[in-house]
Amino acid sequence: MDLEKVKEALLKRGFAAEAFATKAAAAARVMEMAKDAGSVGWGGSETVKEMGLREAMAAAGKEIRDHQTVCDLFLLSANALTADGRIVNIDGRGNRVAASIYGPKQVVFVVGRNKIVEGGIDDAVARIKRCACPPNCRRLGKQTPCALTGKCADCNSPDRICMVTVIHERPARATPTAVLLIDEDLGY
Ligand code: SF4
């Protein structure tokens, strides 16, 4: 996957977009973007954890708010990103996707190359159901078909975690949104 092409697609849609060779370089850029942010909202992302950003933000004296819609900078990953620059996320409670749309002064997505799909929105949703939901259900102790078998059965389980699907076609009108692409596999 050519990250520069994906970056260009994101820029055309109005996102601020940058590409990085390593998670360390991207993490340094996030810290720079957060330099004037007093509060940093946290989207509960494995990618963000793997980048060590929570510790770095705490060490820099930032107030960290979990899943908050009111903060100076909201940091999360994408469950999938289409090669033509659309961001796709699926949530259970919806607080992560809500904060990615409205509330924070700035939203920053950090996205590893493994999240990028070639086949459009259907491919993005399929990726999420295949790669993200089963491990998330297992991590959360949910009794869903995907937790038990590793495969989505489009369940109607009370434990279902796929409740809300949000597609960013462009940044929401009141929310400056940046996407940092990273040429490493990060999160799931
Ligand atoms: S619909 Fe059900 S089985 Fe499919 S990914 Fe979501 S929780 Fe898992």
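Before reading further, recall that the structure is shown in the block above.
Summarised in this report is the structure supplied together with it. Because the structure is a prediction, the values reported are computed rather than measured.

Regarding the sheet that holds strand β7 (residues 106-112)
Then, in step 1: Here we have six strands laid out as an open sheet, ordered β1-β10-β7-β4-β2-β3, and parallel in their pairing. Looking along the sheet, the strands with just one partner apiece sit at the ends: β1 (16-20) and β3 (63-66). This sheet shows a mean twist of 20° between the axes of neighbouring strands, independent of strand direction.
Then, in step 2: As defined by bridge partners, strand β2 (residues 39-42) adjoins β3 across four bridges and the pair is classed as parallel. Of the residues in β3, the one forming a bridge with W42 is D66.

So, the pairing of strand β6 (residues 87-91)
Then, in step 1: β6 sits mainly inside the fold: five of its five residues count as buried.
Then, in step 2: Neither face of β6 is exposed, since I87, N89 and D91 on one face and V88 and I90 on the opposite face are all buried.
Then, in step 3: Between strand β5 (residues 80-82) and β6, which follow one another and run antiparallel, lie four residues, and G85 among them has a positive phi close to 90°.
Then, in step 4: Strand direction decides the pairing type here: β6 and strand β9 (residues 164-168), joined by five bridges, are antiparallel. The partner of I90 across the bridge, within β9, is T165.

Reading the values: the criteria
- Residues numbered from 1 in each chain as written.
- Predicted model: local features only at pLDDT ≥ 70, side-chain atom pairs only at ≥ 80, totals over all residues.
- Pairing = 2+ DSSP bridges.
- Helix = DSSP H or I, 4+ residues; strand = E, 2+ residues; numbered from the N terminus.
- Axes fitted to C-alpha atoms, helices over the stretch in contact; angles between N-to-C directions.
- Buried ≥ 20, exposed ≤ 12 C-beta atoms within 10 Å, placed from the backbone.

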